[in-house]
Amino acid sequence: MTNELLQAIQLLKSKEWVDLTHTFGPNSPHFFMFDDAKFETVFSHDDGFLAQQFTFPGQYGTHIDPPIHFVRDTRYLEDLELKELVLPLIVIDKSKEAEINNDLTLSVQDILDFEAEYGEIEAGTFVALRTDWSKRWPDKEAFSNKDADGSNHIPGWGLEALQFLFNARKVSAIGHETFDTDSAADFRKNGKLDGEYFVLEQDTYQIELMTNLDKLPPKGAAIFNIVPKPEKASGFPVRSFAILP
C-alpha cells in the first residue's frame, strides 16, 4: 500500500527535471564589486578525509536574494517559508531580442505580448526572464559585456514591468540569468537598481544567475529553490531546479 505523498513522489520522479543552477568556482563571473571566491583544502584524503573551506559573498553563483538584501528591517534568508520556495513557473522568452539588443529592458508591452500568446500570468507564480545570457557562462568578459568606454550592456527587467507583474498580476517571485534585476541601461540611466529594490520591497525573493531556461516551457513547470539556512543571511548560493509537466 502507498499513500498520497508517496504517489506524488513517484509522479514527480517520472517527469523531466531540469537543473537551473550554474556550477560555480573561484573563476566564475560575479558582481564586479565582489572578490573572487576562494576554495581551499583544509584536510586531504592523506589526512584521513577530504574537507574544504569556501569563502564567497552570499550573492555568488546562482543565488537567492531575500528582502533584507536591499530593504532594511525585512526578512532574512532563514525567514523565508519552505512553501514560498516551491512555485508554479512562468518563462518569458526574450532571448532573440536580447541577442540583437544587449540593452533589452523588459516592458509591460512585452508581458502583454506574452499573455496574448500564452494566456494571463496567474497569481502566485514565479516568473523567469529568459535572455540566454547564461550561455556566456563561465566567460567573465562575455558576461560583463563592456564596451570600449567600460559600460556594461546587459539585458534585464524594466521597473514598470515588475510593477505590473507584482501589482496587477500578483506574482510571488522572479528570476533571471544576469547579475542584476535591472538592465545595465536602466542602471546607467538611474544610477541605482530601482527594479531590484522594488522586487525585494514586496517581501519576496528573487533568483539570480539562473541557467537552462531554454529547456523550459512558457507555462506548466514548477520551480524548487533549495538553499542552506545560514544565520541572518542576506543571500546565499541556491540549488534551483524545475520539474516539467
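Rules of the game
- The written sequence of each chain sets the order in which its residues are numbered from 1.
- It should be noted that, the model being predicted, local features are given only for residues of pLDDT at least 70 and side-chain atom pairs only at 80 or more, the latter also being counted only at that level, while totals for whole chains, interfaces and linings use all residues.
- Computation of side-chain values: all heavy atoms of the structure, hydrogens and water removed.
- Numbering of helices and strands starts at the N terminus; helices are DSSP runs of H or I of at least 4 residues and strands are runs of E of at least 2.
- Nitrogen and oxygen atoms within 3.5 Å of one another constitute a polar contact, given that in protein one can donate a hydrogen and the other can accept it, and given that sequence-neighbouring residues count only through two side-chain atoms.
- Here, two residues are considered to be in contact whenever any of their heavy atoms come within 4.5 Å of each other.
- We call a set of buried residues a nonpolar core when its members are Ala, Val, Leu, Ile, Met, Phe, Trp, Tyr or Cys and they connect through side-chain atoms within 4.5 Å of each other.
- A 1.4 Å probe rolled over the protein chains alone gives each residue an accessible area, and that area as a share of the maximum for its type sets the label: buried under 20%, exposed over 50%, partly exposed in between.
- What counts as a ring pair is set by centres within 6.5 Å for rings of Phe, Tyr and Trp (its six-membered ring), and what kind of pair is set by the plane angle: stacked under 30 degrees, edge-to-face over 60, tilted for all other angles.
- Whether a charge sits over a ring comes down to the Lys NZ or Arg CZ being within 6 Å of the ring centre and within 35 degrees of the ring normal.
- What makes a salt bridge here is a side-chain nitrogen of Lys or Arg within 4 Å of a carboxyl oxygen of Asp or Glu, nothing more.
- Patch definition: residues with relative accessible area over 30% and no salt bridge; like charges joined within 9 Å; nonpolar side chains (Val, Leu, Ile, Met, Phe, Trp, Tyr) joined within 5 Å.
- Only the protein chains shown count as cover for residues, and all accessible areas are computed by the Shrake-Rupley method using a 1.4 Å probe.
- Only the stretch in contact is used when fitting a helix axis, every axis being a line fitted to C-alpha atoms; angles between N-to-C directions are given from 0 to 180 degrees.
- Throughout this description, any angle smaller than 35 degrees is read as roughly parallel, any larger than 145 degrees as roughly antiparallel, any in the 65 to 115 degree range as roughly perpendicular, and the remainder as oblique.
- When residues are sorted by character, Ala, Val, Leu, Ile, Met, Phe, Trp, Tyr, Cys and Pro go into the nonpolar class, Asp, Glu, Lys and Arg into the charged class, and all the rest, Gly among them, into the polar class.
- Each crossing gets its handedness from the near helix: less than a right angle anticlockwise from the far helix is left-handed, clockwise is right-handed.

Looking at an unreviewed UniProt entry, the protein carries the name Cyclase family protein, with the source organism given as Lysinibacillus agricola.

Focus on the side chain of T204
For T204, the position within the fold is in the loop between α7 (194-201) and β10 (206-208). Of note is the side chain of T204, whose polar atom sits 2.5 Å from the backbone oxygen of S172. The contacts of T204, once residues within four sequence positions are left out, are D65, P66, P67, F166, S172, A173 and V199.

Observations regarding the nonpolar core
Among the nonpolar cores identified, the biggest contains 23 residues, and L20, I64, L89, F126, Y205, M210 and L216 are the most heavily contacted of them. Of all the elements in the fold, those that place two or more residues in this core are β5 (86-93), β7 (126-130) and β11 (221-226). Sequence-distant contacts of L216, that is, excluding residues within four places in its chain, are made with V18, L20, L89, V91, A242 and L244.

A word on the packing of aromatic side chains
As enumerated under the stated definition, the model contains 16 aromatic pairs in all. With 6.4 Å between their ring centres and 45° between their planes, F126 and Y205 make a pair best called tilted. Here F126, found in strand β7, pairs with Y205, found in the loop between α7 and β10; they are 79 residues apart in sequence, far enough to count as distant. Among the residues examined, Y205 registers a relative accessible area of 1% and is labelled buried. Every member of this aromatic cluster is reached through a ring pair, and the members are F24, F39, F54, F56, Y60 and F236. Sitting above the plane of the W133 ring, R136 keeps its charged end 3.7 Å from the centroid.

Some points on the environment of E81
Note that E81 resides in the loop between β4 (63-65) and β5. On the basis of relative accessible area, E81 is assigned to the exposed category, the value being 52%. It is 21 Å that separates the C-alpha atoms of E81 and I9, two residues lying 72 residues apart in sequence.

Considerations on the pattern of salt bridges
Per the counting criterion, the structure on display carries 15 salt bridges. A salt bridge links R75 to D203, with the shortest nitrogen-to-oxygen separation between them at 3.0 Å. Of this pair, R75 sits in the loop between β4 and β5 while D203 is found in the loop between α7 and β10, placing the two residues 128 residues apart along the sequence. Given a relative accessible area of 18%, R75 falls into the buried group. Given a relative accessible area of 38%, D203 falls into the partly exposed group. The salt bridge partner of D214 is K135, with a shortest N-O separation of 2.8 Å. Residue D214 is found in the loop between β10 and β11, and its partner K135 is found in the loop between β7 and α4 (140-144); the two are separated by 79 residues along the sequence. The exposure class assigned to D214 is partly exposed, which follows from its relative accessible area of 30%. Take K135: its relative accessible area is 52%, and that puts it in the exposed class. Each of R75, E84 and D203 takes part in a single network of salt bridges with overlapping partners.

Digging into a nonpolar patch on the surface
A cluster of nonpolar side chains, contributed by L5, L6 and I9, occupies part of the molecular surface with about 280 Å² of accessible area. Its location among the elements puts I9 in helix α1 (residues 4-13). Relative accessible area serves as the criterion here: at 39%, I9 is assigned to the partly exposed category.

As for the packing of helix α3 (residues 108-118) against helix α5 (residues 159-168)
Two numbers describe how α3 lies on α5: the axes approach to 8 Å, and their chain directions differ by 50°. Taken together, the axis directions place α3 and α5 in an arrangement best described as oblique. Note on element contacts: α5 touches α3 through E160, A161, F164 and L165, opposite V108, I111, L112 and E115. In the contact of α3 with α5, the residues fall into 6 nonpolar, no polar and 2 charged.

Quick look at the packing of α5 against α7
Pairs of packed helices are described in terms of their axes, by the angle between the two and the distance that separates them. At a minimum axis distance of 9 Å, the contact between α5 and α7 shows a crossing angle of 15°. One way to sum up the angle between α5 and α7 is to call them roughly parallel. In the crossing of α5 with α7, the sense of the turn from one axis to the other is right-handed. Within the contact between the two elements, α5 uses L159, L162, Q163, F166 and N167 and α7 uses D194, G195, F198 and V199. Tallied by class, residues from the contact of α5 with α7 come to 5 nonpolar, 3 polar and 1 charged.

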